Amino acid sequence: MFFVKAHLERAKNKQCNPGMMVCFSGMLYNLERTADNCVSIAEEYDFPGN
């Protein structure tokens, strides 16, 4: 969520191209979903010795 807030702050301060906001926000959303899925997989994996 840190990256989304930082991006919104840059957009508010006109430090980035507004036309790229949709693309960048979509990429951040997909990366966050990927990370959440990786965590879920890691939690389900039965590590040897556990």
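Just above sits the structure.
Below: a short report on this structure. The shown structure was predicted, so the numbers you read here are calculated from the model rather than taken from an experiment.

Focus: unusual backbone geometry
Thought 1: Even without being a glycine, Lys 14 presents a positive backbone phi close to 55°.
Thought 2: Tracing the chain through its elements places Lys 14 in the loop between α1 (2–12) and α2 (21–44).

Side note on the packing of α1 against α2
Angle between the axes and distance between the axes are the two parameters that describe a pair of packed helices.
Thought 1: Where α1 contacts α2, the axes come no closer than 10 Å and their chain directions differ by 170°. For the element pair α1 / α2, the angle class is roughly antiparallel. Residues Phe 3, Val 4, His 7, Leu 8, Arg 10 and Ala 11 of α1 touch α2, and the partners they reach there are Met 21, Phe 24, Ser 25 and Leu 28.
Thought 2: Residues of the contact of α1 with α2, tallied by class, amount to 7 nonpolar, 2 polar and 1 charged.

Basis of the calculations
Think of each chain on its own: its residues are numbered from 1, step by step along the sequence as written. Totals for whole chains, interfaces and linings use all residues, but because this is a predicted model, local features are given only for residues with pLDDT of at least 70 and pairs of side-chain atoms are given and counted only at 80 or more. To obtain the side-chain values, all non-hydrogen atoms of the structure were used and water was disregarded. Secondary structure elements are defined from DSSP: runs of H or I of at least 4 residues count as helices, runs of E of at least 2 residues count as strands, and each element is numbered from the N terminus. The axes are straight lines fitted to the C-alpha atoms, using for helices just the contacting stretch, and the angles between their N-to-C directions are given from 0 to 180°. Orientation labels follow simple angle bins: below 35 degrees gives roughly parallel, above 145 gives roughly antiparallel, 65 to 115 gives roughly perpendicular, and whatever is left gives oblique. Contacts: residue pairs with any heavy atoms within 4.5 Å of one another. Amino acids outside the nonpolar list (Ala, Val, Leu, Ile, Met, Phe, Trp, Tyr, Cys, Pro) and the charged list (Asp, Glu, Lys, Arg) are all regarded as polar, and Gly is one of them.

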